[in-house]
Amino acid sequence: MAKQTKKQKVLANIDREKLYTVDEALSTLREHKGKFDETIEVAMNLGVDPRHADQMVRGMVSLPSGTGKDVRVAVFARGDNADKALAAGADKVGAEDLMEDMQNGNLDYDRVIATPDMMGVVGRLGKVLGPKGLMPNPKLGTVTPNVEQAVKDAKGGQVEFRVEKQGIIHSGIGKMSFTDDALKANFKALTEAVVKSKPSGAKGKYVRKVTLTSSMGPGLKLDLAEVEGA
């Protein structure tokens, strides 16, 4: 008989039907943590079909405890705005030179920000940035004259959430090394933002299932009472 892997042993001891509180889920995930600082992730199954424009769920939220990861930010700006973006901590700032760099495949960024006057240049990158979800968007605050604040927000724990084809939102809310209070604050901020973003076309139950997991851990179903407004 084949020897069980550590993950298989963990899964064998998990009650698949139990609905956990956030505290219980975090405690269980910590019991099975790996040797590296795993990411704690939330998956929210929503009652939407994002193929319809009036059922798309997308937005930005600032996680009060940060993300625990180094966010790489590129900024399209010139002159004074370029200087401000660099001072705020942007990893790369440019104009046509940055556009050419991205067209050549250099896309190792988590966020792309642009000043409004640069959208003529950025617009040529639609086929490059669009599929990666990196296209600057005024509704998300990534097309803005205040690039300094946008860079600080991105570096300080602001994350984008976007529903996938199956109606699921996935987002990291921190690291295993975070305290429970820090993770719970981030969980609350994310789930509240998703609930507030309920689209006009959503029919029936909006938040259908919420799961908490870690990079190597099991997925634990949460009691929907833990999600305010669900």
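Please read these numbers as outputs of a predicted model, since none were measured by experiment. (Residues numbered from 1 in each chain as written. Predicted model: local features only at pLDDT ≥ 70, side-chain atom pairs only at ≥ 80, totals over all residues. Heavy atoms only, no water.)

(A) Molecular detail of the packing of aromatic side chains. Taken as a whole, this structure holds 0 aromatic pairs when the rule is applied. Here K18 stacks its cationic end above the ring of Y20, 4.9 Å away from the centre of that ring. (Phe/Tyr/Trp six-rings, centres within 6.5 Å; stacked < 30°, edge-to-face > 60°. Lys NZ or Arg CZ within 6 Å of the ring centre and 35° of its normal.)

(B) Region of the structure containing the sheet that holds strand β3 (residues 73–76). Taking strand neighbours across the sheet as the criterion, the 3 strands line up as β4-β3-β5 in an open arrangement whose pairing is parallel. Bordering the open sheet on either side are β4 (92–94) and β5 (111–114), each of which pairs with just one other strand. Averaged over all pairs of adjacent strands, the angle between their axes in this sheet comes to 15°, without regard to strand direction. Relative to β4, β3 runs parallel, the two sharing 3 bridges. By the bridge assignment, V75 is partnered in β4 with V93. (Pairing = 2+ DSSP bridges. Helix = DSSP H or I, 4+ residues; strand = E, 2+ residues; numbered from the N terminus. Axes fitted to C-alpha atoms, helices over the stretch in contact; angles between N-to-C directions.)

(C) Region of interest: the pairing of strand β8 (residues 207–214). Counting buried positions along β8 yields 6 of 8 residues, so the element is predominantly enclosed. The pairing of β8 with strand β9 (residues 220–221) spans 2 bridges and is antiparallel. Each residue of the ladder has a partner; that of L212, found in β9, is L220. Where β8 folds back onto β9 in an antiparallel hairpin, the turn is made up of 5 residues. (Buried < 20%, exposed > 50% of the residue type's maximum accessible area, 1.4 Å probe, protein only.)

That's the geometry; what it means functionally is another story.
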